[in-house]
Every structure is written in C-alpha cells, then in structure tokens.
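Descriptive structure summary
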Amino acid sequence: MIVKNNTHDRQSNKRKRIWPKVLIGFGVTLILIISCILIFNKPLMELYVKSQSKPQTYLKVKSSEMKKNAEKAKTEGNFDSASAVPVSAENIAKAVLVNQSRPVIGGIAVPELGINLPILYDSGDYSMLYGAGPLIPGLQMGKGNYVLASHDMWTNVSYYSKTLLFSPLKRAQNGQNIYLTDKDKVYHYKIYDIRQITPDAWDDAVNEIPGRKVVTLITCDTNDAYRILVRGELKDVKPFNNDTAQPFTAESNQYKK
C-alpha cells in the first residue's frame, strides 16, 4: 500500500497563501516610500506630472487612432468624476505603480494661459492627472457642449504648481482663445463665460446651450467648495496642418522650467 505524503501539498498551499500578502505588503510599502519622496520634494511631483502631460503625448498619435480611442471610451471609459480626488503625493505614487494606459483622443491649447495638454479618453482620476478628459462619453469636438475637466494643482489642499494642468484657468479672461484638435481638424473657440459653480451643479456644466456650439472647461477653485467654469464659443473649424497646428506646437509655459 502506498501512503500519500501530504506534507508537500500543505507547504505548497501555504506558500500560495503567503505570496499575495507579500505582494500586497510590498505594494503598500512602495506607495508609502514614493509618497514620502514626493511629499518632501514637491518639485519632483511637478516634474512627474509635467513629463506625463506634455503635448508630445498627443502630437505623436495619429488621427485614426484618436478616433478609435474615442469609440473605445464609450464602453471602457471611467466618467465617474465624483470619485476624483485632489492631486496628492499618494495619488501620484499610485499612478506611477499602476502605470495605467491613457488612450489619447486629442489636444487642447489655450495660448494666453500657457495651457497645452493631451485630451485623454475619459475623466477618471488618472486621466485628469495627466491631461484633460471629457466629463461624459460620446462628446464630439465642434458640436454641442464639449466638456473637459482636469485637476487644479494649486488649491487650498495642494500647493504644487500654478502652471500645470488646468491651474491657469484661474487667470482666464473673456476673449481668450481655446483650440481643440483631433489631428484631423482644429476647432477654435473664444471664451465668453467665466464663473464659479458648486460641485453638484453639473447640469449647468454639461447641458447643451441652445443655438451655440461651445467648449466648457472645469477645474477646482482655490476654495474646494467651488469649481471654476470657463466656456468658449466655436468661431471656426480648419483642417489640421502645419499652419493651424501652431497653437499646439508652440512652446508653453507649462513646460518651460
């Protein structure tokens, strides 16, 4: 009679139970280490966000790929803007570890404010950390109300940068230009509406404006109880070429340092 030795099986099962705990512990420890480094080195935090949000992120993507990403967003995108949290060392550390793919659907430039960012395919927390993202799926540039959101890195809870992401919107003025592109066309808007809204006033942000084609930009205000809404009206649409790409290829003060 052969007696089965279960010692090896028990040891194997024990190792299988231990490894997930080890990996989780390692991940938490790594997040804490990266967070501490960023907390005590804010320039490093700025450098990371800056390196991930440069216009090269979208300028190297073909228009056909952007359109595919926009279609993918309808079923795969995260549009739960309520889950977004202010920029912090911990959130950046998590983003570094997750290294989540960030499909690009376009670019936005506001030359007078020095804004030049990729438009990612959704408005999840990671997308708003690396650029701007549409608040709801299925939006189209040049049609209806195209609503974009991004983080403010200069609020009452985060004092990191006045120039990165949508932080410069605090200096927006009527008459300034907003340019969007999907690498097929360039959509030119002029700002005509700047105001504060409360976080629960999303209908005011996302509803279409009768008789107008607009772009709406949303970010946190210095007082986190409010959001800044900046809205521009469509003035013209031109093909994307060397001449019309100038707002997207010119040097931006978001990346000068």
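Throughout what follows, the structure given in this document is the object of discussion. Each chain has its residues counted from 1, following the order in which its sequence is written. Only residues with pLDDT of at least 70 get local features here, since the model is predicted, and only at 80 or more are side-chain atom pairs given and counted; chain-wide, interface and lining totals rely on the full set of residues. To obtain the side-chain values, all non-hydrogen atoms of the structure were included, while hydrogens and water were left out.

In this analysis, rings of Phe, Tyr and Trp, with Trp reduced to its six-membered ring, are considered paired at centre separations within 6.5 Å, and the interplanar angle assigns stacked below 30 degrees, edge-to-face beyond 60, and tilted for intermediate values. Tallied over the entire structure, the rule returns 2 aromatic pairs. A centroid spacing of 6.3 Å and a plane angle of 90° characterise the contact between Tyr58 and Phe248, whose relative ring orientation is edge-to-face. Linking Tyr58 in helix H3 (residues 56-59) with Phe248 in helix H8 (residues 246-249), this pair joins segments that are 190 residues apart in sequence. Relative accessible area decides the class of each residue, using a 1.4 Å probe on protein chains only: under 20% of the type maximum gives buried, over 50% gives exposed, and in between gives partly exposed. With relative accessibility at 0%, the residue Tyr58 sits in the buried group. Aromatic side chains Phe240 and Phe248 sit 6.5 Å apart centroid to centroid with 40° between the ring planes, which places their arrangement in the tilted category. Phe240 sits in the partly exposed class, given a relative accessible area of 23%. A helix here means a DSSP run of H or I that spans at least four residues, while a strand means a run of E at least two residues long, and both kinds are numbered starting from the N terminus.

What follows is about the pairing of strand S5 (residues 177-181). Judged by how many residues are buried, S5 sits mostly within the fold: 5 of 5 residues are covered. Residues of S5 alternate between two faces, with Asn177, Tyr179 and Thr181 on one and Ile178 and Leu180 on the opposite face, all of them buried. Two elements, strand S1 (residues 104-110) and S5, share 3 bridges in a ladder whose sense is antiparallel. In the sheet register, Ala109 faces S5, and the bridge partner there is Tyr179. Here, any two strands with at least 2 DSSP bridges between them count as paired. Across 5 bridges, S5 lies against strand S6 (residues 185-197) in antiparallel orientation.

All right, on to the nonpolar core then. For soluble globular proteins, nonpolar side chains are generally found buried alongside one another. The definition of a nonpolar core used throughout is a set of buried Ala, Val, Leu, Ile, Met, Phe, Trp, Tyr and Cys residues joined through side-chain atoms within 4.5 Å. One finds Ile108, Ile178, Leu180 and Leu217 to be the most contacted residues of the largest nonpolar core, which totals 34 residues. One finds Val61, Ala109, Val186 and Phe248 within the second-largest nonpolar core, a separate group that totals 9 residues.

Mapped onto the secondary structure, Asp204 falls in helix H7 (residues 202-206). Note: C-alpha distance between Asp204 and Leu229 (25 residues apart in sequence) is 9.5 Å. Any two residues whose heavy atoms approach within 4.5 Å are treated as being in contact. Excluding residues within four positions of it along the chain, Asp204 makes contact with Arg195, Ile197, Leu229 and Arg231. Of the polar contacts made by the side chain of Asp204, one reaches the side chain of Arg195; its length is 2.4 Å. The definition of a polar contact used here is a pair of N or O atoms within 3.5 Å, where within protein one atom must be able to donate a hydrogen and the other to accept one, and adjacent residues in sequence count solely through side-chain atom pairs.

Read from one edge to the other, the open sheet built from 8 strands follows the order S2-S1-S5-S6-S8-S7-S4-S3, with strand pairing classed as mixed. With one partner strand each, in any of the chains shown, strand S2 (115-120) and strand S3 (133-134) form the two edges of the open sheet.

Basic side-chain nitrogens of Lys or Arg form a salt bridge, by our definition, when they fall within 4 Å of a carboxyl oxygen of Asp or Glu. Considering all chains together, one arrives at 7 salt bridges under this definition. With a shortest N-O distance of 3.4 Å, Asp184 and Lys185 are connected by a salt bridge. Look at Asp184 and you get partly exposed, because its relative accessible area is 31%. Given a relative accessible area of 33%, Lys185 falls into the partly exposed group. Between Glu233 and Arg212 there is a salt bridge, with its nearest N and O atoms 3.3 Å apart. One end of the pair, Glu233, is in strand S8 (residues 227-239); the other, Arg212, is in the loop between H7 and strand S7 (214-220), with 21 residues separating them in the sequence. In this structure Arg212 comes out as partly exposed when scored by relative accessible area, which is 33%. Each member of the salt-bridge network shares a partner with another, and the members are Lys67, Asp184 and Lys185.

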